[in-house]
Amino acid sequence: MKESTPPSSVGRFLTLADTAELLNITPRQAYALVRSGELPAIKVGASGQWRIERSVLESYIEAMYEETRRMSLWNQSDLASVTEISFDRRRP
């Protein structure tokens, strides 16, 4: 039985499969993050395979932690229950 190489032993760039495994999501979800631009990646090689730089993935994870922290603080604040007011700027 062949053991698979864990993503932590991979070099500077990760495949979509490696990225998906590290994030505990499906490769399709990883691809969607890349295609939307939410997770920066590059295409390499003649076949244009997506690669995510390990440091970029780590930055993405840190940013998601920060976003979650801010949303949690917002939801705990008094302003979270305030109804949003929309102004129609077309009216004088």
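The notes below deal with the structure included here. Source: prediction; values computed, not measured.

1. Focus: the packing of helix α1 (residues 16-23) against helix α2 (residues 27-36)
The interhelical angle for the contact between α1 and α2, taken along N-to-C directions, is 105 degrees, at an axis separation of 8 Å. Judged by the inter-axis angle, α1 sits roughly perpendicular to α2. Here α1 contributes L16, A20 and L23 to the contact with α2, which in turn contributes P27, A30, Y31, L33 and V34. Broken down by class, the residue content of the contact of α1 with α2 amounts to eight nonpolar, no polar and no charged.

2. A few points about the nonpolar core
A general feature of soluble globular proteins is that nonpolar side chains tend to end up buried together. In this structure, L14, L16, A20, A30, L33, V34, L39, W50, I52, L57 and Y60 together form the largest nonpolar core, which totals 11 residues. When residues of this core are traced back to their parent elements, those giving at least two are α1, α2, β3 (49-53) and α3 (54-76). With three residues, the single largest contributor to this core is α2.

3. A short note on α2
Within the sequence span of α2, burial applies to A30, L33 and V34. Considered in projection along α2, the buried side chains sweep an arc of 95 degrees and stay on one side of the axis. For α2, the exposed residues lying more than 90 degrees away from the buried face are R28, R35 and S36. For α2, the secondary structure elements touched by its buried residues are α1, β3 and α3. G37 occupies a position one or two residues after α2 and carries a positive phi of about 90 degrees.

4. Quick notes on the sheet that holds strand β2 (residues 42-44)
Overall, antiparallel pairing links the three strands, which are arranged β1-β3-β2 in an open sheet. Every other strand in the sheet has two partners, leaving β1 (13-14) and β2 as the edge strands with one partner each. As judged from the three bridges shared by β2 and β3, these two strands associate in the antiparallel manner. Following the sheet pairing, V44 is matched in β3 by Q49. Sitting on the sheet, α3 touches β1 and β3, and the angle it makes with β3 is about 65 degrees.

About the criteria used
- Residues numbered from 1 in each chain as written.
- Predicted model: local features only at pLDDT ≥ 70, side-chain atom pairs only at ≥ 80, totals over all residues.
- Heavy atoms only, no water.
- Axes fitted to C-alpha atoms, helices over the stretch in contact; angles between N-to-C directions.
- Helix = DSSP H or I, 4+ residues; strand = E, 2+ residues; numbered from the N terminus.
- Parallel < 35°, antiparallel > 145°, perpendicular 65-115°, else oblique.
- Contact = heavy atoms within 4.5 Å.
- Nonpolar A, V, L, I, M, F, W, Y, C, P; charged D, E, K, R; others polar.
- Core = buried A, V, L, I, M, F, W, Y, C linked by side-chain atoms within 4.5 Å.
- Buried < 20%, exposed > 50% of the residue type's maximum accessible area, 1.4 Å probe, protein only.
- Arc of directions from axis to C-beta.
- Pairing = 2+ DSSP bridges.

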